[in-house]
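# Secondary and tertiary structure notes
So the chains spell out like this:
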Amino acid sequence: MPALMRELSLQKKPHWLLVMLMNALEKKRQSQGLGWSRAWNKYGLTVFRTHIQPREEAVAHSAAIARLLDHFLADAPILYREFAHSMLADPTRMTFTFHHNNTTDGGTQYEGFTLSLGRAVPTDKTKRDRLDIIVEDERRDGRVDGVVDRIRIYVCPWETYGQDRSFHLVERVDVIADDLDLAQNLFRLGVERYHHDKADESRQWNHWSVRYIDYFGPRDFIPEGSSFT
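Quick summary incoming for the structure in this document. Small disclaimer: the values here were computed from a predicted structure and weren't measured.

This brings us to the packing of aromatic side chains. Within this structure, the stated rule accounts for twelve aromatic pairs. Their ring planes at 85° and their centres at 5.1 Å tell us that Tyr 194 and Phe 228 sit as a pair that is edge-to-face. Taken as a pair, Tyr 194 in helix α6 (residues 177-197) and Phe 228 in the segment after α6 lie far apart in primary sequence, 34 residues in all. Tyr 194 gets classed as buried once you look at its relative accessible area, which sits at 3%. On the basis of relative accessible area, Phe 228 is assigned to the buried category, the value being 3%. Cluster of aromatic residues (ring-pair linked, three or more members): Phe 48, Phe 113, Phe 187, Tyr 194 and Phe 228. The ring of Tyr 161 has Arg 165 lying over it, and the distance from NZ or CZ to the ring centre is 4.9 Å.

Here is the structure:
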């Protein structure tokens, strides 16, 4: 890993080779659970914009997120419920929003975003506690309607992930009425935040490494009625 990181940081090799090296590094980091990357933020996605959310603004949305977590994690083991709320309340956490296109293995296409909360594990700063909330609008007949069709919540404390890669997942596809109001409220807040931040350079996350990571890049489709134009 040090050799891979050194070659990548120098950026002296041909682009195709740097892409290959970055993919190798990502696989190694993924297998060890290092840093921010997790499989659900990677495969099938094209992340076309990433925003950094300041902590004071994250707090402004925390009541809506808390209500959503109470609802969707009601049947989760207490370890994961307590972890999710501790993450939400933690003033040291970092928050990113990854805006993406998603094409599933079955060919279904979505646009949406991942609200990604993370914090360094106190005993090992290379590891992360993670809470990801992913809301998506399905593309049908070339267009989207601005209504959430799929929501996933990944509750991933390093306490369990570091032992055997275990985490808690809640997933709803074709979101039913009881779930929709909470999911739709988060989606609305996220879309408003996107349009507020998209022209603000201070909110953009643009690390040099994204040039060599295959799941970052321009949109491979823009549905009619897109919320993210």
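By size, the foremost hydrophobic cluster in this structure holds 31 residues, and its most contacted members are Leu 69, Ile 133, Ile 151 and Ile 153. Sorting the residues of this core by element identifies α3 (55-72), α4 (78-89), β3 (109-121), β4 (124-138), β5 (150-156) and α6 as the ones contributing at least two each. Setting aside its immediate chain neighbours within four residues, Ile 151 contacts Leu 68, Phe 72, Ile 133, Ile 134, Val 135, Val 170, Glu 171, Arg 172, Val 175 and Ala 183. Formed by eight residues, the second largest nonpolar core is a distinct cluster that contains Leu 25, Val 47, Phe 98 and Tyr 215.

Before going further, it helps to examine the side chain of Arg 119. Here Arg 119 lies in strand β3. Here Arg 119 falls in the buried class, since its relative accessible area comes to 15%. Within the structure, the side chain of Arg 119 is placed 3.3 Å from the side chain of Ser 86, a separation counted as a polar contact. Within the structure, the side chain of Arg 119 is placed 2.9 Å from the side chain of Asp 90, a separation counted as a polar contact. Apart from the residues within four sequence positions on either side, Arg 119 is in contact with Phe 83, Ser 86, Met 87, Asp 90, Arg 93, Lys 127, Arg 128 and Asp 129.

Cut-offs used in this document
Residues numbered from 1 in each chain as written. Predicted model: local features only at pLDDT ≥ 70, side-chain atom pairs only at ≥ 80, totals over all residues. Heavy atoms only, no water. Phe/Tyr/Trp six-rings, centres within 6.5 Å; stacked < 30°, edge-to-face > 60°. Helix = DSSP H or I, 4+ residues; strand = E, 2+ residues; numbered from the N terminus. Buried < 20%, exposed > 50% of the residue type's maximum accessible area, 1.4 Å probe, protein only. Lys NZ or Arg CZ within 6 Å of the ring centre and 35° of its normal. Core = buried A, V, L, I, M, F, W, Y, C linked by side-chain atoms within 4.5 Å. Contact = heavy atoms within 4.5 Å. Polar contact = N/O pair within 3.5 Å; in protein donor to acceptor, adjacent residues only side chain to side chain.

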